[in-house]
Amino acid sequence: MYSLWAVVKDDLPESWQARCPSLKGLLLSFPAAPALGLVCTPQPEASTKASLRVLFISVLNAVLAGPLLARKKERKQDGVSAARSRHRSHAAPPLGAVSRSHTAAGVAAGGGPPGEEASWLRRLSEEARSGWRLSAAPSEPPALTVAAVERYLAEAPPAAPRYWYDVTLADGAGQERCYLAPRLSRLVQRAHLHAGARVRLTRCSYLYDERRLRRGLLCVEALQPASPPASPPAPAAPRSRGRVPPPLRGERRHYLPLWNNEDPYGDIWVAERPPARVDVDVSKLISLGQLETTWRSRIHFRPLLVRVLHKSRLRYYGKPEKKMDMPYQAYFEVADGSGMMSMVLWNSLCPEWYNSINVGTVLLLEQYAVKDSYPFKTQPTPRDPQMKRFTTIEISLNVRNPPTKISIISEEMVKAEWGLPEVKYQFVTRTELNDLPNNHSCDVIGLVTFVGRVQRTRKKEDGEDFWLYRWAHAIDGTSDKPFILEIFATSQPDVFERIHPMTYLVCTQMRVVRDLSENPSHTVYLTTSNESQIFITGWHKGQPYTKDTKVKNFIQWTRTQSEANQMRKTVIGGYYPFPRPPNNFLKYCKNNKVESVLKAIGELGEEIEGLHYREHKRIAIQGIISAIRYISCSSAAEDASGVEPVQKDAQTLESSPVSKQDDVHKGKTRSLQGTELGSFREPSCTPREQHQHQTQLSKKSTAKRRTLHKSCTDTEQGTTSVTSVSSYPYYTRSAKKKLSLNEFRHEDCVQEQASSDSSQCCADQGEINDTPETEEVARTCISWQSELWAQVKDKLMKYLHHGAIFPESIPCKFDYMYKDFLMQQYNLHAAVHQPKETRTDKSIGEFKSTGGLGYYEVTVLGINHDVAIDVAFLPLFGHEDPHLFPVEEVENDPLLSCMSCISCQQKATGTGTLCDVLPLSNEIVKAAMDLDGKHVVCILDVCHLGDDKVEVFLSKIYKTVEADVPDPV
């Protein structure tokens with residue numbers, strides 16, 4: 001007898017099976033005849049089967065309609081309850097109501113074993129695909145985890161975005177790779193959207209690939225941030241160990257690293273190929289010298305046996321308008337007994353061989369090509385001056401024309417009679433570095449005492465490609481001064497990301513950077529070249545340099561050192577103001593026209609908004625130093641404790657003619673992509689509403705709080721004022737702004753007799769409880785402002801507030817116990833989320849800073865008196881290692897030099913609270929007065945730290961009245 005399933009399976013919608021996983025089993029268990037009261041032969045006729053189908057469908061509709069409606073209502077109620085709760089469960093909830101109507105068949109689940117909960121993302125994809133608009137907008141989307149963010153070259157005209165992004169989202173039940181709409185690319189570029197982030201998918205669409213059958217993808221159209229769960233979410237399912245699927249759009253076969261193009265990324269890059277067991281017949285080989293003299297008369301070349309002496313970083317030359325599978329190139333310098341020649345690894349051979357061919361590797365090359373040498377490539381400096389160099393031709397290795405055969409010979413099989421040269425180095429000590437000329441090539445080894453955060457700089461002004469680099473200090477025991485190293489990515493991401501203090505660092509083919517013509521005392525530093533290689537502890541074993549005499553001497557020195565003493569000198573991360581701008585402004589402009597160097601101060605907002613994640617840029621503006629305010633150590637310490645850095649707000653701007661476009665600069669940067677980026681932020685009030693709320697809070701707090709005696713002293717000229725303030729409100733994350741400098745003017749002072757009780761250092765706590773949005777901090781602030789600033793600050797057209805600093809801006813002491821956490825903080829966001837089993841509850845602000853005395857907020861007024869910007873100056877002093885942040889770098893700049901050399905006197909109150917007495921020194925006031933009303937050129941160091949955090953530091957001040965500064969008129 002036929003079962004019900006055999007009768008009706010062809011007419012049963014797949015969506016019904018998905019909604020009722022046990023339906024198939026139910027139908028299989030019932031024969032057709034008894035269930036419907038009909039008598040069927042073992043092989044019913046077509047008319048009988050048709051009658052059974054019609055009857056069964058009608059009955060099933062009636063039977064299932066009630067349960068399905070009840071289930072839908074139950075899911076809707078569950079979704080509302082989940083939305084009201086503070087933290088959602090990580091498990092995928094029901095899809096919920098959708099703003100567009102769809103048929104029942106269009107809400108099918110993504111399949112799966114019976115009884116297993118279907119992925120919410122899969123159901124959303126099916127819903128978008130089944131609708132006539134090919135889109136969906138769930139009203140109650142659950143919180144999703146970003147499992148991966150991956151980048152690849154776009155396929156579009158040059159005017160379109162150069163790169164596309166695929167985002168892998170996890171909902172607890174499964175993962176789904178989605179294409180990120182190009183207008184949302186800024187979310188990735190500014191690190192709003194990164195691996196490990198929690199988001200809600202509020203709108204998506206389904207895109208069919210018109211060049212393929214039954215192929216489509218889910219496109220993310222809008223996102224919102226989601227609060228992190230109360231407990232850590234379950235880790236996303238790991239990637240399969242098989243080959244990673246290609247990018248979703250276009251014909252590209254592989255992903256690029258997320259933040260640069262030089263590093264290998266993905267499973268297509270073979271980690272290491274084992275040496276080959278081959279018999280080398282020396283009689284059949286050809287030398288490099290013979291190859292150079294005979295290559296034009298040959299079509300096929302005999303095998304080559306060579307040793308690799310130098311290795312370059314990868315070069316990616318892909319372009320959107322060109323279709324090439326693996327547009328990679330890497331140079332190697334190889335040598336035999338006759339000399340040294342360049343070898344080029346092309347395209348698809350790079351993923352297969354680049355990680356396996358290292359300095360010192362012996363290669364047997366067969367079926368290679370020989371071409372004229374490219375004249376514009378960089379050349380490494382040979383370590384053996386006696387070795388002959390062949391520069392007219394180069395060896396070309398490719399997968400075709402002809403297909404190259406490469407064999408790696410293990411070092412144990414290398415015979416002395418082959419005559420292969422040994423790898424040589426030119427290590428220099430820190431003492432010897434003082435005598436080396438500019439651009440000299442050398443190798444160094446040292447113990448790392450400082451490593452900065454990873455930063456990026458654009459290769460071209462308007463391009464999307466970046467260089468990756470970080471600063472490091474290393475000592476070798478021959479001098480009290482360290483090596484200062486500018487380390488660019490060398491296609492060794494595993495090493496580059498693991499540089500940390502207390503590791504042994506080797507850098508080869510480094511270039512000396514110095515300019516004795518400008519300042520003989522200027523600090524010399526080393527920068528990487530195209531052929532540089534870096535190695536740290538764990539990568540030294542088997543490297544050829546371990547036999548070098550100076551390397552052995554360094555290892556011997558480290559055995560005499562106390563680990564505890566060296567640990568006290570270690571620092572990691574933070575703002576590193578090096579190299580300082582030159583003393584001469586013309587020197588600063590030597591490679592650029594003054595018109596292209598100087599930026600209008602009113603354009604700084606757009607300039608800052610255009611920054612990408614961890615992009616560092618140095619900007620020159622003209623302005624007038626109009627106000628200086630010191631933020632004491634109590635304030636800086638609270639900023640570093642995890643509270644969002646505060647921004648100062650000008651109260652009087654509420655009535656000033658500020659445009660809508662400029663108004664958003666009060667306290668945070670402007671919306672990057674309109675509604676797209678705006679929807680990615682947490683729902684909150686508008687900047688104007690925040691400003692009004694801020695003003696109300698400040699007025700309420702001012703009326704209630706009690707302050708210490710405030711002294712207001714006018715200078716002899718009567719053009720400036722110096723103000724001391726005992727206490728003022730400090731707004732937390734919910735307010736995000738500080739009071740105006742008007743709060744610190746003498747007309748707002750409320751004098752009160754001071755007593756010996758510690759409560760006089762701080763505002764009355766009972767009164768502050770009336771304003772829960774604020775908290776008082778015991779400190780003393782001194783501010784200086786010019787008379788010009790007092791006259792124009794209420795009439796500004798635009799006021800940019802970037803005078804706050806962030807915990808990421810302050811270098812901190814290195815703690816070996818939290819080594820992995822600190823490295824993660826100061827490296828870039830990873831492309832793939834890899835949650836660790838052991839986590840720390842510490843934040844970056846909890847680590848001890850190197851200085852801790854505070855910072856300055858400097859107000860620069862535009863020369864047209866209509867725009868102003870607050871910037872920060874961080875006096876990096878007080879560290880045990882005086883060579884980490886040398887003060888002599890700013891000693892020729894009177895104002896910055898005075899601010900770098902301030903002293904702090906601290907005393908403890910009875911309650912243990914630190915009350916800072918930080919008088920604005922006479923030297924600072926005099927230096928500021930010397931600049932009062934004068935046009936100056938300010939050099940700003942700007943770096944985007946992710947999300948909306950942008951640090952803007954004052955690095956240098958040039959007087960325009962000096963003879964060496966061009967007249968701007």
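The structure under discussion appears in the preceding block.
Now for a quick tour of the structure. Only a predicted model underlies this, so the values are computations on that prediction, with no experimental measurement involved.

Procedures and definitions
- Residues numbered from 1 in each chain as written.
- Predicted model: local features only at pLDDT ≥ 70, side-chain atom pairs only at ≥ 80, totals over all residues.
- Heavy atoms only, no water.
- Helix = DSSP H or I, 4+ residues; strand = E, 2+ residues; numbered from the N terminus.
- Buried < 20%, exposed > 50% of the residue type's maximum accessible area, 1.4 Å probe, protein only.
- Contact = heavy atoms within 4.5 Å.
- Areas by Shrake-Rupley, 256 points an atom, 1.4 Å probe, with all protein chains shown as cover.
- Pairing = 2+ DSSP bridges.
- Polar contact = N/O pair within 3.5 Å; in protein donor to acceptor, adjacent residues only side chain to side chain.
- Arc of directions from axis to C-beta.
- Phe/Tyr/Trp six-rings, centres within 6.5 Å; stacked < 30°, edge-to-face > 60°.
- Lys NZ or Arg CZ within 6 Å of the ring centre and 35° of its normal.
- Salt bridge = Lys/Arg side-chain N within 4 Å of Asp/Glu carboxyl O.
- Core = buried A, V, L, I, M, F, W, Y, C linked by side-chain atoms within 4.5 Å.
- Patch = residues over 30% accessible without salt bridge, like charges linked within 9 Å, V, L, I, M, F, W, Y side chains within 5 Å.
- Lys, Arg positive; Asp, Glu negative; His and termini not counted.
- Charge placed at Lys NZ, Arg CZ, Asp CG, Glu CD.

This part covers the overall build of the chain. Along its length, the chain carries 25 helices and 37 strands. By residue count, 53% of the 969 residues in the chain fall in the buried class. Within the chain, residue pairs in contact and separated by at least 24 positions form 74% of the contacts whose partners lie at least 6 positions apart. Counting every atom, the chain has about 44400 Å² of accessible surface; 51% of that belongs to carbon and sulfur.

The subject of this paragraph is the environment of P582. Checked against the element boundaries, P582 lands in the loop between strand 22 (571–572) and helix 14 (585–588). Each C-alpha atom, one on P582 and one on D515, is 9.7 Å from the other, the two residues being 67 residues apart in sequence.

Looking now at the pairing of strand 37 (residues 949–959). Burial analysis of strand 37 places 10 of its 11 residues in the buried class, which makes it a mostly covered element. Here strand 36 (residues 936–946) folds back onto strand 37 in antiparallel fashion, the turn holding 2 residues, of which D947 has a positive phi close to 55°.

Taking burial as the measure, the 11 residues of helix 6 (residues 120–130) include 8 buried ones, the bulk of the element. Among the residues of helix 6, those classed as buried are W120, L121, R123, L124, S125, E126, E127 and A128. Between the side-chain oxygen of the N-cap and the backbone nitrogen of L121 there are 3.3 Å, and the N-cap of helix 6 in question is S119.

Within helix 12 (residues 549–558), burial applies to V551, F554, W557 and T558. One side of helix 12 holds all its buried residues, which, seen down the axis, span an arc of 120°. Elements in contact with the buried residues of helix 12: strand 15 (441–451), strand 17 (466–475), strand 19 (504–513) and helix 13 (563–567). In this structure D548 caps helix 12, since a side-chain oxygen of it lies 2.9 Å from the backbone nitrogen of K550.

What follows deals with the pairing of strand 5 (residues 198–208). Counting buried residues along strand 5, 8 of its 11 residues qualify, which places the element largely inside the surrounding structure. Sheet topology note: the strand 1 (residues 135–136)/strand 5 ladder contains 2 bridges and is antiparallel. Its bridge partner lying in strand 5, S135 is registered against S205. Here strand 2 (residues 144–153) pairs with strand 5 via 2 bridges, running antiparallel. Along strand 5, the bridge assignment pairs T145 with R198. Sheet topology places strand 5 next to strand 6 (residues 216–225); 9 bridges connect them, and they run antiparallel. Counterpart to L207 in the pairing with strand 6 is L217.

Moving on, we come to the side chain of Q455. If you trace the backbone, Q455 turns up in strand 16 (residues 455–458). Classification of Q455 by relative accessible area gives buried; the value is 9%. Ignoring any residue separated from it by four or fewer positions in sequence, one finds Q455 in contact with W467, L468, Y469, R614, H616 and C943.

A separate point is the packing of aromatic side chains. Each aromatic ring pair is described using two quantities: the centre-to-centre distance and the angle formed by the ring planes. Using the criterion set out here, one finds 32 aromatic pairs in the structure. A ring pair is formed by Y152 and Y255, whose centres lie 5.6 Å apart and whose planes are at 75°; its orientation type is edge-to-face. Here Y152 is found in strand 2, whereas its partner Y255 is found in the loop between strand 6 and helix 8 (288–294), with 103 residues between them in sequence. Connected via pairs of aromatic rings, a cluster forms that spans F450, W471, Y525, Y576 and F578. Across the ring face of W467, the terminal group of K459 is positioned such that the distance to the ring centre comes to 4.2 Å.

Taken as a whole, this structure holds 25 salt bridges when the rule is applied. Across the pair R383 and D443 runs a salt bridge, and its minimum N-O distance is 2.9 Å. Of this pair, R383 sits in the loop between strand 12 (369–372) and strand 13 (389–397) while D443 sits in strand 15, and the two are 60 residues apart along the sequence. Overall, the relative accessible area of 1% leaves D443 in the buried class. The salt bridge involving D930 is made with K926; its shortest N-O contact spans 3.6 Å. Taken together, the positions of D930 and K926, both in helix 25 (residues 922–930) and 4 residues apart, correspond to about one turn of that helix.

Nonpolar side chains tend to gather and get buried jointly when the protein is soluble and globular. With 77 residues, the main nonpolar core has L169, L193, L201, L485, I487, L526 and L822 as its most contacted residues. Take this core: its biggest share by element is 5 residues, from strand 6. In terms of nonpolar packing, the next biggest core, distinct from the first, is built from 38 residues, L256, V308, V334 and L397 among them.

All right, on to unusual backbone geometry then. Here N401 and P402 are connected by a cis peptide whose omega angle stands at -10°. Within the secondary structure, P402 is located in the loop between strand 13 and strand 14 (405–409). Here F578 and P579 are connected by a cis peptide whose omega angle stands at -5°. Even without being a glycine, R614 presents a positive backbone phi close to 60°. Counting through the fold element by element, R614 comes out in the loop between helix 16 (604–609) and strand 24 (616–632). Given a relative accessible area of 4%, R614 falls into the buried group. In this structure, H865 is a non-glycine residue whose phi angle is positive, near 65°. With respect to the helices and strands, the residue H865 is situated in the loop between strand 32 (854–861) and strand 33 (867–873).

Here we come to the environment of R453. Looking at where R453 falls in the secondary structure, it is placed in the loop between strand 15 and strand 16. Separated by 123 residues in sequence, R453 and Y576 place their C-alpha atoms 8.8 Å apart. Within the local environment of R453, its side chain forms a polar contact with the backbone oxygen of E808, the two atoms lying 3.2 Å apart. Polar side-chain contacts of R453 include one of 2.3 Å to the side chain of E951.

Attention now goes to a positive patch on the surface. A contiguous patch of positive charge, built from R315, K319, K322 and K460, is present on the exposed surface. Assignment of secondary structure puts K322 in the loop between strand 8 (315–316) and strand 9 (328–336).

This next bit is on the environment of V451. The topology assignment puts V451 in strand 15. Each C-alpha atom, one on V451 and one on R470, is 7.3 Å from the other, the two residues being 19 residues apart in sequence.

So far we have only geometry, and geometry alone does not tell us how the molecule works.
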